[in-house]
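Each chain, written out:
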Amino acid sequence: QVQLIESGGGLVQAGGFLRLSCAASGRTFNNAIMAWFRQAPGKEREFVAGMGRSSGNTYYPDSVKGRFTMSRDNAKNTVYLQMNSLKPEDTAVYYCAADFRLGGIITTASLYDFWGQGTQVTVSS
């Protein structure tokens, strides 16, 4: 059974940083497209970072580019999201997602097969 477990969320002041982790189990995730999404109350789930099967291939939307960095440790079956210069508008539940069938990084949430339970990130002004 595939499981993704996020951790590292919390409350931080604007300008601060957090590092989220997503530990995967049940399958070897170095063959998966991995991504981070977030969802704020009343809003749709939003793509914030993606990583291809090769750890050097990443993609970020303009809203987080230059502030967020995604990385992966295949030996630990874990991906990370380093979030710097956090803003109040970054407040959301952050989810880790994985898919083994996609050909590349996709920003559409519905195309990912596996999801974590989410971790809350709150940025105070």
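Heads up: the structure comes first, above all this text.
This report concerns the structure included in the present document.

Here we come to the nonpolar core. Ranked by size, the top nonpolar core spans 29 residues in total, and within it Met34, Trp36, Met70, Leu81, Met83 and Tyr94 carry the most contacts. Residues contacting Tyr94, with those up to four places away along its chain left out, are Glu6, Leu20, Phe37, Arg38, Val48, Phe68, Leu81, Met83, Gly118, Thr119 and Val121. Counting residues in each nonpolar core, the second largest holds 8 residues, with Ala35, Phe47, Leu102 and Ala109 among its members.

What follows concerns the sheet that holds strand β7 (residues 68–73). Ordered in space as β1-β3-β8-β7, the 4 strands form an open sheet in which the pairing is antiparallel. Here the strands that pair on one side only, and so sit at the sheet edges, are β1 (3–7) and β7. Pairs of neighbouring strands in the sheet enclose a mean axial angle of 15°, with direction left out of account. Pairing analysis gives 6 bridges linking β7 to strand β8 (residues 78–83), with the strands arranged antiparallel. Along β8, the bridge assignment pairs Arg72 with Val79.

Our focus in this paragraph is the packing of aromatic side chains. Where two aromatic rings form a pair, the distance of their centres and the angle of their planes describe that pair. Scanning the entire structure with this criterion turns up 8 aromatic pairs. Geometrically, the ring pair formed by Phe37 and Phe47 is edge-to-face, given 5.5 Å between the ring centres and 80° between the ring planes. Residue Phe37 is found in strand β4 (residues 33–39), and its partner Phe47 is found in strand β5 (residues 46–51); the two are separated by 10 residues along the sequence. Here Phe37 matches Phe47 in class, with each residue buried. With a centroid separation of 5.1 Å and 55° between ring planes, the pair formed by Phe37 and Trp115 is classed as tilted. One end of the pair, Phe37, is in strand β4; the other, Trp115, is in strand β10 (residues 114–115), and 78 residues separate them in sequence.

In this section: unusual backbone geometry. Of note in this structure, Asn77 is not a glycine but carries a positive phi near 55°. Along the chain, Asn77 falls in the loop between β7 and β8.

On inspection of all chains with the given rule, the structure shows 1 disulfide. Sulfur-sulfur distance for the disulfide between Cys22 and Cys96 comes to 2.1 Å. Here the S-S torsion is close to -75°, and the disulfide linking Cys22 with Cys96 is therefore left-handed. With Cys22 in strand β3 (residues 18–25) and Cys96 in strand β9 (residues 92–99), this residue pair connects regions lying 74 residues apart in the sequence. Accessibility assignment for this pair places Cys22 and Cys96 in one class, buried.

The rules behind these values
- Residues numbered from 1 in each chain as written.
- Predicted model: local features only at pLDDT ≥ 70, side-chain atom pairs only at ≥ 80, totals over all residues.
- Heavy atoms only, no water.
- Core = buried A, V, L, I, M, F, W, Y, C linked by side-chain atoms within 4.5 Å.
- Buried < 20%, exposed > 50% of the residue type's maximum accessible area, 1.4 Å probe, protein only.
- Contact = heavy atoms within 4.5 Å.
- Pairing = 2+ DSSP bridges.
- Helix = DSSP H or I, 4+ residues; strand = E, 2+ residues; numbered from the N terminus.
- Axes fitted to C-alpha atoms, helices over the stretch in contact; angles between N-to-C directions.
- Phe/Tyr/Trp six-rings, centres within 6.5 Å; stacked < 30°, edge-to-face > 60°.
- Disulfide = S-S within 2.5 Å.

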